[in-house]
Amino acid sequence: MTFVLRAAVGRTVWLLPTLLRGSDKIRTFSGINNTYMNVTANTGRRLAAEWEPQSFVQLTWPHAGTDWAPYLDQAYDCFLAIARAVAARSDLLVVTRDAASTEAQLRQAGVAMRADTGRGAVLFEALTDDTWARDHAFITTVDDGRCVLHDFRFNGWGAKFAAGRDNAINGALWRGGVVCGADYEDDMDTVLEGGSIESDGRGTILTTSCCLFAPNRNGYTSKAEAEAMLCGRLGAERVLWLDHGSLAGDDTDGHIDTLARLCPDDTIVYVGCDDHTDGDFEGLAAMEGELQALRTADGAPYRLLRLPMAAPAYYDGERLPATYANFLIMNSAVLMPCYGDDERDAAAAEVLQRAFPDREIVGIDCRVLIRQHGSLHCVTMQYPEGVGLRTVTKQ
């Protein structure tokens, strides 16, 4: 179903001299127990909020050498639907193993091409392992108005899956001049996935302890260590932690973008569960309590909007992590995953329309995506205004 509802050590840093600034000691919020600690922050830097003006969105295309192979045509249909929705509203970067074949697919599906219309899809050919752009693509901060592209290490969610080729995509894009107009920062000494962090663009980062402390990532033993990284690298002034909440079938160890999302006007949209027999109920109920206890930088409660729990979905007898929280915010629209349940899909769209009254809510059928344990936000990455996109077909 597709519907539309209207409405620094060990790193290489390439920066302009004017961007090299001092650091200050700040206080960051840790968890819901009102404890703070002093860490060193990059005072000129902030992690852009997803709802800020964007330049383009990235997709990494599926192919027969990925785990999509058993149902590749269905995967193509979903990616083409996402590509159409994105390219109709902004530029789209498609990283693909075979640019000629993918371009033919896009054209046949009616996806706008920038070469034809001045806005739309731009292709870049590179070797890829999989398709989860949210976690292997650049994470972009803004430093005194200048964008900085952070190339963190992607290791397949704690060495669960092969990721060497996907981990090399950012470097290829940078060297090829495809992603341009910004500064490049080599953060390969640190594992950080885009799906594990949420930002309000004003210094607050929301994340989960189960992911950042998961094995085979960075080996953090305290929140202080993780906070020091988030503040030093991304300019965070406050780090809000969720210690509960997870979805059965999730491979990411509890990415925040499957559970709770920061939205404009001090709003958090989150997944709620009413079925006491659901295995996810207890953790999500505890997470809801944590969210109710969180406070904004001004000390006020957040405005909380509760998304419905997607109906349990299974494939080959395995529970899949279907979630309405895995939506993509764009300049004029919000792309929302749908799961073939008209009533719940519509209810989720109504919640998102309340969070984004100035944007169109566009539903994309993502039932095939959850077979590989991700959804719409997981396969996309937005780039804020100020990052350029050039047409260079191959690395």
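Residues numbered from 1 in each chain as written. Predicted model: local features only at pLDDT ≥ 70, side-chain atom pairs only at ≥ 80, totals over all residues. Heavy atoms only, no water.

Section: the overall build of the chain
Point 1. For the chain, the helix and strand inventory stands at 11 helices and 25 strands.
Point 2. Burial analysis of the chain (395 residues in total) assigns 60% to the buried set.
Point 3. As displayed, the chain offers around 14,900 Å² of accessible surface, 48% of which is attributable to carbon and sulfur atoms. (Helix = DSSP H or I, 4+ residues; strand = E, 2+ residues; numbered from the N terminus. Buried < 20%, exposed > 50% of the residue type's maximum accessible area, 1.4 Å probe, protein only. Areas by Shrake-Rupley, 256 points an atom, 1.4 Å probe, with all protein chains shown as cover.)

Comments concerning helix α11 (residues 342-355)
Point 1. With 14 residues, α11 should cover 20 Å at 1.5 Å per step; its first-to-last C-alpha distance of 20 Å lies within 8% of that length.
Point 2. Taken as a whole, α11 has its buried residues at Asp345, Ala348, Ala349, Val351, Leu352, Gln353 and Ala355. (Expected span 1.5 Å × (residues − 1).)

Description of the sheet that holds strand β17 (residues 267-271)
Point 1. Spatially, three strands are ordered β16-β17-β18 in an open sheet, and the strand pairing comes out mixed. Strand pairing shows two members of the sheet lacking a second neighbour, β16 (260-263) and β18 (303-307), which therefore form its edges. Each adjacent strand pair in this sheet contributes to an overall mean axis angle of 20°, direction not counted.
Point 2. Note: β16 against β17, four bridges, orientation antiparallel. (Pairing = 2+ DSSP bridges. Axes fitted to C-alpha atoms, helices over the stretch in contact; angles between N-to-C directions.)

Re the sheet that holds strand β15 (residues 238-242)
Point 1. Pairing is mixed across the open sheet formed by three strands, whose spatial order is β13-β14-β15. The open sheet is flanked by β13 (197-199) and β15, the only strands paired with a single partner. For this sheet the average axis-to-axis angle between neighbouring strands, irrespective of direction, equals 25°.
Point 2. Relative to β15, strand β14 (residues 204-208) is paired through five bridges, and the arrangement is parallel. Residue pairing across strands places threonine 208 opposite leucine 242, the latter belonging to β15.
Point 3. Along the sheet face, helix α9 (residues 223-234) touches β13, β14 and β15 and points at about 135° away from the line of β15. (Contact = heavy atoms within 4.5 Å.)

Focus on the nonpolar core
Point 1. Trp61, Trp68, Ile82, Leu106, Val269 and Ile364 are the most contacted members of the largest nonpolar core, which totals 86 residues.
Point 2. Sorting elements by how many residues they give to this core places helix α1 (residues 72-87) first, with 12 residues.
Point 3. Filtering out sequence-adjacent residues up to four positions away, valine 269 remains in contact with Leu259, Ala260, Arg261, Cys263, Leu305, Leu307, Phe327, Val351, Leu352 and Ala355.
Point 4. Counting 23 residues, the second largest nonpolar core, distinct from the first, contains Val122, Ala172, Val178 and Tyr383. (Core = buried A, V, L, I, M, F, W, Y, C linked by side-chain atoms within 4.5 Å.)

Thoughts on the packing of aromatic side chains
Point 1. Overall, the coordinates contain 13 aromatic pairs when judged by the stated rule.
Point 2. With 4.4 Å between their ring centres and 15° between their planes, phenylalanine 56 and tyrosine 383 make a pair best called stacked. Of this pair, phenylalanine 56 sits in strand β6 (residues 54-60) while tyrosine 383 sits in strand β24 (residues 380-384), and the two are 327 residues apart along the sequence. Just as phenylalanine 56 is buried, tyrosine 383 falls in that class too.
Point 3. For the ring pair tryptophan 174 and tyrosine 184, a centre distance of 5.3 Å and an interplane angle of 25° mean the geometry is stacked. Remark: tyrosine 184 occurs in strand β12 (residues 183-191) and tryptophan 174 occurs in helix α7 (residues 169-175); sequence separation between them is 10 residues. (Phe/Tyr/Trp six-rings, centres within 6.5 Å; stacked < 30°, edge-to-face > 60°.)

Things to note about the environment of isoleucine 370
Point 1. Within the secondary structure, isoleucine 370 is located in the loop between β23 (360-365) and β24.
Point 2. Under the relative-accessibility criterion, isoleucine 370 is labelled buried at 2%.
Point 3. For the pair isoleucine 370 and alanine 313, spaced 57 residues apart in sequence, the C-alpha to C-alpha distance is 8.6 Å.
Point 4. Setting aside residues no more than four positions away along its own chain, isoleucine 370 makes contact with Ala313, Leu320, Pro321, Ala322, Tyr339 and Ser375.

Observations regarding the pattern of salt bridges
Point 1. Under the criterion given, the structure shown has 26 salt bridges.
Point 2. Close ionic contact of aspartate 143 with arginine 45 constitutes a salt bridge, the shortest N to O distance being 3.4 Å. Residue aspartate 143 is found in strand β9 (residues 139-143), and its partner arginine 45 is found in strand β5 (residues 45-47); the two are separated by 98 residues along the sequence.
Point 3. The class of aspartate 143 is buried, set by a relative accessible area of 0%.
Point 4. The residue lysine 223 makes a salt bridge to aspartate 243 at a minimum N-O spacing of 3.1 Å. With lysine 223 in helix α9 and aspartate 243 in the loop between β15 and β16, the pair connects residues that are 20 residues apart, well separated along the chain.
Point 5. By relative accessible area, aspartate 243 is classed as partly exposed at 33%.
Point 6. Taken together, the shared-partner salt bridges in this structure form one network comprising Glu50, Arg134, Glu198 and Arg261. (Salt bridge = Lys/Arg side-chain N within 4 Å of Asp/Glu carboxyl O.)

As for the pairing of β16
Point 1. Going residue by residue along β16, you find Ala260 and Leu262 tucked away on one face and Arg261 and Cys263 tucked away on the opposite face as well.
Point 2. The hairpin turn running from β16 into β17, its antiparallel successor, is three residues long, and aspartate 265 in that turn takes a positive phi close to 60°.

Digging into the side chain of threonine 258
Point 1. Considering the arrangement of structural elements, one finds threonine 258 in the loop between β15 and β16.
Point 2. Using a relative accessible area of 8% as the deciding quantity, one classes threonine 258 as buried.

Quick notes on the side chain of arginine 371
Point 1. If you trace the backbone, arginine 371 turns up in the loop between β23 and β24.
Point 2. The contact partners of arginine 371, leaving out residues within four places of it in the chain, are Tyr71, Gln74, Tyr315 and Leu320.

Quick word on α9
Point 1. Over its 12 residues, α9 extends 16 Å from the first C-alpha to the last, a length consistent with the 16 Å expected when each residue adds 1.5 Å.
Point 2. Buried within α9 we find Ala226, Glu227, Met229, Leu230, Cys231, Arg233 and Leu234.

Regarding unusual backbone geometry
Point 1. Within the chain, alanine 159 stands out as a residue other than glycine whose phi angle is a positive 65°.
Point 2. Tracing the backbone shows alanine 159 in helix α5 (residues 156-159).
Point 3. Even without glycine at this site, aspartate 316 takes up a positive phi of about 50°.

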